[in-house]
Amino acid sequence: MIQIENLTKRYGAKTVLDNISFHVNDGEIVGFLGPNGAGKTTTMNILTGYLSAETGSARVGGIDILDQPLEAKKKIGFLPEQPPLYLDMTVKEYLDFIYELKHCTLNREKHLDEICSVIGIADVQNRMIRNLSKGYRQRVGIAQALVGNPPVIIFDEPTVGLDPKQIIEIRSLIKTLGKNHTVILSTHILPEVQAVCDRIVIINHGKIVANEKTENIANIVDGNRRLSLKICGPEKEVLAMLRNMHGIAYVQSTGATDKDSTTFLVESDPGLDMRKPLFNALAAKGWPLIGMESMGANLEDVFIAIVDKKESAARPTAKK
Amino acid sequence: MLAIYKRELRSYFTTPLGYIFMAIFLCLAGVLFSTATLQARADSDVNYYFTYLLMSFVIVLPLLTMKLFSEERKLRTEQLLLTSPVTLTGMVLAKFFAAYTVFALTYGASCFSFIALYLYGTPNTAQLIGNSVGILLLGGACIAIGIFVSALTENQLIAAIGSMAILFAFVMVGFLSDYINSALLRTVIGWISILSRYNGFGNGVFEFNSILYYISIAVVFLFATVRVFERRRWA
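Asker: Explanation requested: the pattern of salt bridges in the structure shown.
Answerer: Any two side chains of opposite charge can pair if their charged atoms end up close together. Following the criterion strictly, the structure yields 21 salt bridges over all chains and no others. The partner of Arg171 of chain A in a salt bridge is Glu192 of chain A, and the shortest N-O contact between them spans 3.1 Å. One end of the pair, Arg171 of chain A, is in helix α6 (residues 164–177); the other, Glu192 of chain A, is in helix α7 (residues 190–196), with 21 residues separating them in the sequence. Judged by relative accessible area, which is 2%, Glu192 of chain A ranks as buried. When the shortest N-O distance is used, the salt bridge between Glu230 of chain B and Arg227 of chain B registers 2.5 Å. Residue Glu230 of chain B and its partner Arg227 of chain B are both found in helix α12 (residues 208–234); the two are separated by three residues, about one turn of the helix. Relative accessible area serves as the criterion here: at 25%, Glu230 of chain B is assigned to the partly exposed category. Given a relative accessible area of 44%, Arg227 of chain B falls into the partly exposed group. Within this structure, Asp88 of chain A together with Arg7, Glu8, Lys67, Glu72 and Lys95 of chain B form a network of salt bridges that share partners.

The following block contains the structure:
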């Protein structure tokens, strides 16, 4: 559905996108993941025709965005980083405007009502957008992208600024959309893509570092590998015991948290869940474990893990 | 394109801007009309009125155009328009015609004052029509200039002051020629000056050159606006 080939974009001397290529298949939900400033927004802006790349091409449904911009744009619903809202309109007026702007041919009343009820903005339809909260504004922005039922929907950081309940709602909405749309979703939040996407494209410093099925990434990013433990016991002895434990790759004490407990950071060997063995070992020593928290993996870890994995995968093939 | 036109036109009247523009325009036109015709002379000559009126465009018309693109850019709604199935030309023209509609309607409303001329004097109808056509053409040119400046900045105030400055230069350059000896330079100034082109209309004469001049100013600046957006896409 979407083909991005060899895109390069520079702002002055700074290369924002360095020859990136990836494809998105029909009906896929693809997470576009990367730290701030990695080039996510630039890629999306090029894909939607807002910016032009220096080299390379972006095609939507086989139509090049530069050659036939109007045809390509008709196929895309886009929610930019900041929802493009006219504050002096009511939600209904705004969606009406979008409906006309996109030359929709669906039944207007029915289509817009449907969108409003799916997104949960039916009750604010007659309110001025300027009076809406951030969460509602974001939803109106999402509604805008759905008008005209375009086959491709592109969301640039759709959950930024929402409260946890709204985030969950929006994520489940995106999953629903994925059933009959092709969706690209950019974010810098790792669990978000894991929750929603079929495939994950990771971009860093303008280069694609990974393009994998979500399950594969999940293995790399085993959330229980890094634990923070709060233990009541003598610091040095606990440290020594943890170091000698089988399956522990790395231990570090972060110092006493209060009178009788100390916090330790523990990283287990890949593929091992050390939570139960740790509990048992500490219990046997009579050192109460009063807190255990899994630290998850951050984006940096994922990059490192992916690059490591690629290198180790490349070595044996090189030997052949 | 029609959707943008409708939205833009509507927004003039859902925000105070449209009303402020109409109030200032009509107020100025009324004062100028009464001082330049009714109170000044008995012969119903309206040319002074129209000359003052078109000079007031320097201040008044930027009010109408200042927000057209600068606000879109500030609110990031520009991104919506540029990623919608609308051509850049369509987008620019829609905005132009929305502003032009408000301007033309307001000018139309100000024409009610001509009734006083017919009641108490013997105005030259050809002169009134000629001036009106001239004003409407010149207004279009000024609005196009304002739109161009508005596309350059995201600050409405800068857009307003910038277009005032350009319009002021266009109007004032005509007065310069009185102080210049070089015949060549005076001819060039004659080409550029908005005022010197206007005289024919004041006499009720439609000169093809002048009509073309105002239309081409509008076209050139609207085209430049389209180029601004095209260029920004590659920046």
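Asker: Honestly, a nonpolar patch on the surface in this entry has me stumped. Any pointers?
Answerer: Taken together, the side chains of Phe112, Ile115, Leu119 and Tyr120 of chain B present a nonpolar region at the surface, about 550 Å² in accessible area. Summarising the element assignment, Leu119 of chain B is placed in helix α7 (residues 114–120).

Asker: How should I be thinking about the interface of chain A and chain B in this particular structure?
Answerer: The figure often quoted for interface size is the accessible area lost as the parts come together. Listed as interface residues are 32 residues of chain A and, on the opposing side, 26 residues of chain B. Contact between chain A and chain B buries roughly 2,700 Å² in total, counting both sides, with carbon and sulfur atoms accounting for 60%. Ranking the residues of chain A by area buried against chain B places Tyr50, Tyr86 and Leu101 of chain A at the top, with a combined share of 25%. Here chain A and chain B share three salt bridges between them. Where Asp88 of chain A meets Arg7 of chain B, a salt bridge forms, and the shortest distance between an N and an O atom there is 3.8 Å. If you look at where chain A meets chain B, you find eight residue pairs in polar contact (both at pLDDT 80 or more). For the side of chain A that touches chain B, the elements supplying multiple residues, two or more each, are β1 (2–11), α2 (69–74) and α3 (91–101) of chain A. A total of six residues in the side of chain A that touches chain B trace back to one element, the largest contributor, which is α3 of chain A. Each residue belonging to the side of chain A that touches chain B can be placed in one class, and the counts come to 18 nonpolar, seven polar and seven charged.

Asker: Would you take a moment to explain the sheet that holds strand β9 (residues 199–204) of chain A for this structure?
Answerer: Strand-to-strand pairing in sheets goes through backbone hydrogen bonds, with the strands running parallel or antiparallel. Residue and element names in this part refer to chain A. The mixed open sheet is built from six strands, whose spatial order is β6-β7-β8-β3-β9-β10. Strands with a single pairing partner mark the edges of an open sheet, and in this sheet they are β6 (76–79) and β10 (207–213). Geometrically, the sheet is characterised by an average inter-axis angle of 15° between neighbouring strands, direction not taken into account. Relative to β9, strand β3 (residues 29–33) is paired through four bridges, and the arrangement is parallel.

Asker: For this particular structure, what's the right way to read unusual backbone geometry?
Answerer: Only a minority of non-glycine residues have a phi that is not negative, and only a minority of peptide bonds are not trans. Residues and elements named next belong to chain A. Within the chain, Asn19 stands out as a residue other than glycine whose phi angle is a positive 55°. We classify Asn19 as partly exposed; its relative accessible area is 43%. The phi angle at Asn149 is positive, at roughly 50°, despite the residue not being glycine. Tracing the backbone shows Asn149 in the loop between α5 (134–146) and β7 (152–156). Judged by relative accessible area, Asn149 falls into the partly exposed class, the value being 45%.

Asker: Looking at this structure, how should I read the packing of aromatic side chains?
Answerer: Think of a pair of aromatic rings as described by two things: how far the centres are apart, and how the planes are tilted against each other in angle. Residues and elements named next belong to chain B. A complete count under the given rule lists 23 aromatic pairs over all chains for this structure. Note on Phe50 and Phe114: the rings are 6.0 Å apart at their centroids and 55° apart in plane angle, and the pair reads as tilted. One end of the pair, Phe50, is in helix α3 (residues 47–65); the other, Phe114, is in helix α7, and 64 residues separate them in sequence. Judged by relative accessible area, which is 0%, Phe50 ranks as buried. Ring centres of Phe201 and Tyr214 lie 6.1 Å apart, and the angle between their planes is 35°; on these two criteria the pair is classed as tilted. Separated by 13 residues along the polypeptide, Phe201 in helix α11 (residues 199–202) and Tyr214 in helix α12 bring together distant segments of the chain. The buried category is assigned to Tyr214, whose relative accessible area is 0%. Through a chain of ring-to-ring contacts, three or more aromatic side chains come together here, namely Phe21, Phe25, Phe57, Phe96, Phe97, Tyr100 and Phe103.

Criteria and cut-off values
Residues numbered from 1 in each chain as written. Chains lettered and ligands numbered in written order. Predicted model: local features only at pLDDT ≥ 70, side-chain atom pairs only at ≥ 80, totals over all residues. Heavy atoms only, no water. Salt bridge = Lys/Arg side-chain N within 4 Å of Asp/Glu carboxyl O. Helix = DSSP H or I, 4+ residues; strand = E, 2+ residues; numbered from the N terminus. Buried < 20%, exposed > 50% of the residue type's maximum accessible area, 1.4 Å probe, protein only. Patch = residues over 30% accessible without salt bridge, like charges linked within 9 Å, V, L, I, M, F, W, Y side chains within 5 Å. Areas by Shrake-Rupley, 256 points an atom, 1.4 Å probe, with all protein chains shown as cover. Contact = heavy atoms within 4.5 Å. Buried area = accessible area lost by both parts, 1.4 Å probe. Polar contact = N/O pair within 3.5 Å; in protein donor to acceptor, adjacent residues only side chain to side chain. Nonpolar A, V, L, I, M, F, W, Y, C, P; charged D, E, K, R; others polar. Pairing = 2+ DSSP bridges. Axes fitted to C-alpha atoms, helices over the stretch in contact; angles between N-to-C directions. Phe/Tyr/Trp six-rings, centres within 6.5 Å; stacked < 30°, edge-to-face > 60°.

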